[in-house]
Amino acid sequence: MAIKKTSLSDLKVKAEAAKKADVKTEAKKAEVKVAEKKAEVKAEVKAAEKKVAEKKVVEKAPAKKAAAKAPAKAAEKKAVEKKPAEKKAAATAAKVELFVEYQGGSQKVDDLVAKAKEVSGKKSIKELNIYYQPENNKVYYTADGAEGSFDL
């Protein structure tokens, strides 16, 4: 029984053949993945088209009935229009308190605004800009173009 010796060049040829086989299988896997993704996208598009078609059918049917029940629909639309406005008002009505803390001291921003309005001496202010320097414990403000400052 003789043992066949393999040369270095034979090993290189086998390694190259194995690499080519790996590349082919990876390419096939990639093609399968692309095909699966295309199928998923097509399914999603078909589902979306069905939803749009259903919405069109639903929209057409009430339009025909609306002519007969116009007063009832007008009242419902007014009620529907108020709901989004109420939601927006509820969302903006969230209470926010902002504090500035620096070296053990704490100042509420609402208090700074109130004091700046008071110190400015104006009854109605359209634009108020406040600049607080906690290291100096000083507040600078502009109220409708008039500048001023005060110490805390």
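Below, the structure is looked at part by part. Everything numeric in this text was worked out from a predicted model, so none of it was measured. (Residues numbered from 1 in each chain as written. Predicted model: local features only at pLDDT ≥ 70, side-chain atom pairs only at ≥ 80, totals over all residues. Heavy atoms only, no water.)

Section: the packing of aromatic side chains
The geometry of an aromatic ring pair comes down to the distance between the two centres and the angle between the two planes. Tallied over the entire structure, the rule returns one aromatic pair. Aromatic pair Tyr141 and Phe150: ring centres 6.2 Å apart, planes at 45°, arrangement tilted. (Phe/Tyr/Trp six-rings, centres within 6.5 Å; stacked < 30°, edge-to-face > 60°.)

Let's talk about the pattern of salt bridges
One pass over the full model with this rule turns up three salt bridges. Here Glu97 makes a salt bridge to Lys108, at a shortest N to O gap of 3.9 Å. With Glu97 in the loop between helix H2 (70-92) and strand S1 (99-102) and Lys108 in strand S2 (residues 105-108), this pair connects stretches of sequence that are eleven residues apart. The class for Glu97 is partly exposed, based on a relative accessible area of 39%. Relative accessible area serves as the criterion here: at 23%, Lys108 is assigned to the partly exposed category. In this structure, the salt-bridge partner of Asp151 is Lys138, at a minimum N-O distance of 3.4 Å. Of the two residues, Asp151 sits in strand S5 (residues 146-151) while Lys138 sits in strand S4 (residues 138-143), which places them 13 residues apart along the sequence. Beyond isolated ion pairs, a larger network of salt bridges with shared partners links Lys95, Glu97 and Lys108. (Salt bridge = Lys/Arg side-chain N within 4 Å of Asp/Glu carboxyl O. Helix = DSSP H or I, 4+ residues; strand = E, 2+ residues; numbered from the N terminus. Buried < 20%, exposed > 50% of the residue type's maximum accessible area, 1.4 Å probe, protein only.)

A look at the nonpolar core
One finds Leu112, Ala116, Val139, Tyr141, Ala143 and Phe150 forming the largest nonpolar core, which totals six residues. Secondary structure elements with two or more residues in this core: helix H3 (109-120) and S4. Among the elements that make up this core, the one with the highest residue count is S4 (three residues). If near-sequence neighbours (up to four positions away) are discounted, Val139 is found in contact with Leu112, Ile130, Tyr131, Tyr132, Gly148, Ser149, Phe150 and Leu152. (Core = buried A, V, L, I, M, F, W, Y, C linked by side-chain atoms within 4.5 Å. Contact = heavy atoms within 4.5 Å.)

On their own, these measurements won't tell you what the molecule is for.
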